[in-house]
Amino acid sequence: MAHEIPAQEDVMLDGFLALDTPLGFRAEFIEGDIVVTPPPMGNHERIISAVVRQILSGSAVPMDFSGGKGLVVAAGGGLARNHVIPDGTFAPEDLDLFLDAESWMPCAGVALVLEVTSYRAGFDREQKRRAYARSGIPLYLLVDREQSKVTLFLTPKGDDYLEGHTGPFGKQIDLPAPFSMTLSTSRFV
């Protein structure tokens, strides 16, 4: 009986899923690369807190939030599925997506993912953006600390988002339905 040799992507994914990262570190599998990130700095967390506070108090539809929730999202080019951990994941409260969710859950029902750039900004700007779009996540909010700007990507189609609204820190960003609110970026400075 012939044995099938596993594809390199499958071997990498299996290795990734078996990782035991140090406390506070975060490991993700993005487009065939294993990316390990150290614990974030205070300014990174301050921005996340500002976004979460505004969305939970101002969204037209009540939202649930998870910081650090593992999501399984689409990969390109026949690679194994990506396993990413957004800085923030928002879903309508009535869906109760996080109840009994596995460590790595599907992204169906997620309304918005939030990334605040840190050590490897390129992954947030490129690979993660494409993975979120391929997976049909309606909104991707990217807070780019290196470039001092915020971009809201919307209308996913294929490997990317059809629209992107960008503004400098300090400018407000309009979040469409189901949020239907304006997000202040004044505390991102």
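Right above here is the structure, for reference.
This section reports on the structure supplied with the text. (Residues numbered from 1 in each chain as written. Predicted model: local features only at pLDDT ≥ 70, side-chain atom pairs only at ≥ 80, totals over all residues. Heavy atoms only, no water.)

Quick word on the packing of aromatic side chains
Here's step 1: Under the counting rule described, the total for this entry stands at six aromatic pairs.
Here's step 2: Both rings, one in Phe65 and one in Phe90, keep their centres 5.0 Å apart while their planes meet at 50°; by these two values the pair is tilted. Remark: Phe90 occurs in strand β6 (residues 88-92) and Phe65 occurs in strand β3 (residues 63-66); sequence separation between them is 25 residues.
Here's step 3: Note on Phe65: relative accessible area 28%, which makes it partly exposed.
Here's step 4: Residue Phe90 is classed as buried on the basis of its relative accessible area, which comes to 0%.
Here's step 5: With a centroid separation of 6.4 Å and an interplanar angle of 85°, the aromatic rings of Phe90 and Phe179 are classed as edge-to-face. Of this pair, Phe90 sits in strand β6 while Phe179 sits in the loop between β12 (173-175) and β13 (181-183), placing them 89 residues apart in sequence.
Here's step 6: By relative accessible area, which is 0% here, Phe179 ends up buried.
Here's step 7: Connected via pairs of aromatic rings, a cluster forms that spans Tyr132, Tyr140, Phe153 and Tyr161.
Here's step 8: Above the plane of the ring of Phe153 lies Arg129, whose end atom (NZ or CZ) is 5.6 Å from the centre. (Phe/Tyr/Trp six-rings, centres within 6.5 Å; stacked < 30°, edge-to-face > 60°. Helix = DSSP H or I, 4+ residues; strand = E, 2+ residues; numbered from the N terminus. Buried < 20%, exposed > 50% of the residue type's maximum accessible area, 1.4 Å probe, protein only. Lys NZ or Arg CZ within 6 Å of the ring centre and 35° of its normal.)

With respect to the environment of Asp160
Here's step 1: Relative to the helices and strands, Asp160 is located in strand β11 (residues 160-168).
Here's step 2: The spatial distance from the C-alpha of Asp160 to the C-alpha of Gly136 is 9.5 Å, given a sequence separation of 24 residues.
Here's step 3: Setting aside residues no more than four positions away along its own chain, Asp160 makes contact with Arg129, Ala133 and Thr155. (Contact = heavy atoms within 4.5 Å.)

Looking at empty space enclosed by the protein
Here's step 1: Summed over the entire model, instances satisfying the criterion amount to one cavity of 30 Å³ or more.
Here's step 2: Of the voids in this model, the largest cavity is the one considered here, and its volume is about 90 Å³.
Here's step 3: In this structure, the largest cavity is lined by 13 residues; those nearest its centre are Glu28, Thr37, Arg120, Asp124 and Lys128.
Here's step 4: Secondary structure elements with two or more residues in the lining of the largest cavity: β1 (26-30), β2 (33-37), β8 (112-116) and α3 (121-134). (1 Å grid on protein atoms, 1.4 Å probe; cavity = no way out; pocket = protein on both sides within 12 Å on 5 of 7 lines; lining within 4 Å. Points joined across faces, edges and corners; volume = space filled by probe spheres on them.)

As for the layout of surface pockets
Here's step 1: Each pocket or cavity is described by its volume, and for the largest pocket that value is around 170 Å³.
Here's step 2: Lining the largest pocket are 13 residues, and of these Arg26, Pro40, His44, Glu45 and Asp87 sit closest to its centre.
Here's step 3: It is helix α2 (residues 42-58) that provides the largest number of residues to the lining of the largest pocket, a total of three residues.
Here's step 4: Broken down by class, the residue content of the lining of the largest pocket amounts to four nonpolar, six polar and three charged. (Nonpolar A, V, L, I, M, F, W, Y, C, P; charged D, E, K, R; others polar.)

Some words on the sheet that holds β8
Here's step 1: Pairing in this open sheet of six strands is mixed, and the strands run β3-β6-β8-β9-β10-β11 from one edge to the other. Looking along the sheet, the strands with just one partner apiece sit at the ends: β3 and β11. Across the sheet, the mean angle separating the axes of adjacent strands is 20° when strand polarity is ignored.
Here's step 2: The sheet contact formed by β3 and β6 spans four bridges and is antiparallel. Bridged to Met63 within β6 is Pro92.
Here's step 3: Sitting on the sheet, α3 is in contact with β8, β9 (139-144), β10 (149-157) and β11, with an inclination near 170° to β9. (Pairing = 2+ DSSP bridges. Axes fitted to C-alpha atoms, helices over the stretch in contact; angles between N-to-C directions.)

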